[in-house]
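Architecture and fold: a report
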Amino acid sequence: DIIFLFTIDTYETKNKAYTDPHTGLFNKNRWDELMASGLPTSGNLAVMMLDLNGLKYVNDTYGHDSGDRMIFDFANILRNTLPPGSVICRWGGDEFAVMLMDSDPEAMEQYAGQLKQAAQRHNDSGNPPFIYFAAGWALASEFPELSREELLSRADERMYQEKRQWYTEHRRIR
């Protein structure tokens, strides 16, 4: 049936346009569409930015297959740790963005801690590459005057503060 095949083809095309092929997470195209949509900018909307630490070191030392494994494993940590309904996106390279529709400061601290614990469990398993990351988040209720894009920028600033601190403590890895 031609209509059925067209529907399947349309679905697959749209899925490819919005999905990162390496991780299966949403890609930046989907994120940008959600940010431009009518999602509320107030209330309990939270955004989180995450960035892997040491990916260049892993790529240079162990090869790009190891770097790809690091990205894939971290995507699974995000997928398996964050609550259902979280919008998880591979922003690009080694950066990830998360949107949660119903959160508060305590929950965001808890999610960040759970992600750190999941990464530590991965590292304790002895299966390299080991995963270290920086995370920053911002809540619309914290900054009601900010747009979605400005909220994301605030989360990004906080993530880079954590990233700078990590690299200060781990100078040998760049």
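A packed helix pair is summarised by two numbers, namely the angle formed by the two axes and the spacing between the axes. With their axes 9 Å apart at the nearest point, helix 2 (residues 28-36) and helix 6 (residues 148-169) run at an angle of 125° to one another. Classified by the interaxial angle, the pair formed by helix 2 and helix 6 is oblique. Here W31, L34, M35 and A36 of helix 2 come into contact with helix 6, specifically with R148, E149 and L152. Tallied by class, residues from the contact of helix 2 with helix 6 come to 5 nonpolar, no polar and 2 charged.

The subject of this paragraph is the sheet that holds strand 2 (residues 46-53). Taking strand neighbours across the sheet as the criterion, the 5 strands line up as 1-3-4-2-5 in an open arrangement whose pairing is mixed. Single-partner strands in this sheet number two, and they are strand 1 (26-27) and strand 5 (132-139). Both strand 3 (residues 87-92) and strand 4 (residues 95-100) contribute to a ladder of 5 bridges, which runs antiparallel. Bridging from a neighbouring strand, C89 pairs with A97 of strand 4. Packed on one face of the sheet, helix 5 (residues 105-124) meets strand 2, strand 4 and strand 5 and runs near 170° to strand 5.

Analysis parameters
- Residues numbered from 1 in each chain as written.
- Predicted model: local features only at pLDDT ≥ 70, side-chain atom pairs only at ≥ 80, totals over all residues.
- Heavy atoms only, no water.
- Axes fitted to C-alpha atoms, helices over the stretch in contact; angles between N-to-C directions.
- Helix = DSSP H or I, 4+ residues; strand = E, 2+ residues; numbered from the N terminus.
- Parallel < 35°, antiparallel > 145°, perpendicular 65-115°, else oblique.
- Contact = heavy atoms within 4.5 Å.
- Nonpolar A, V, L, I, M, F, W, Y, C, P; charged D, E, K, R; others polar.
- Pairing = 2+ DSSP bridges.

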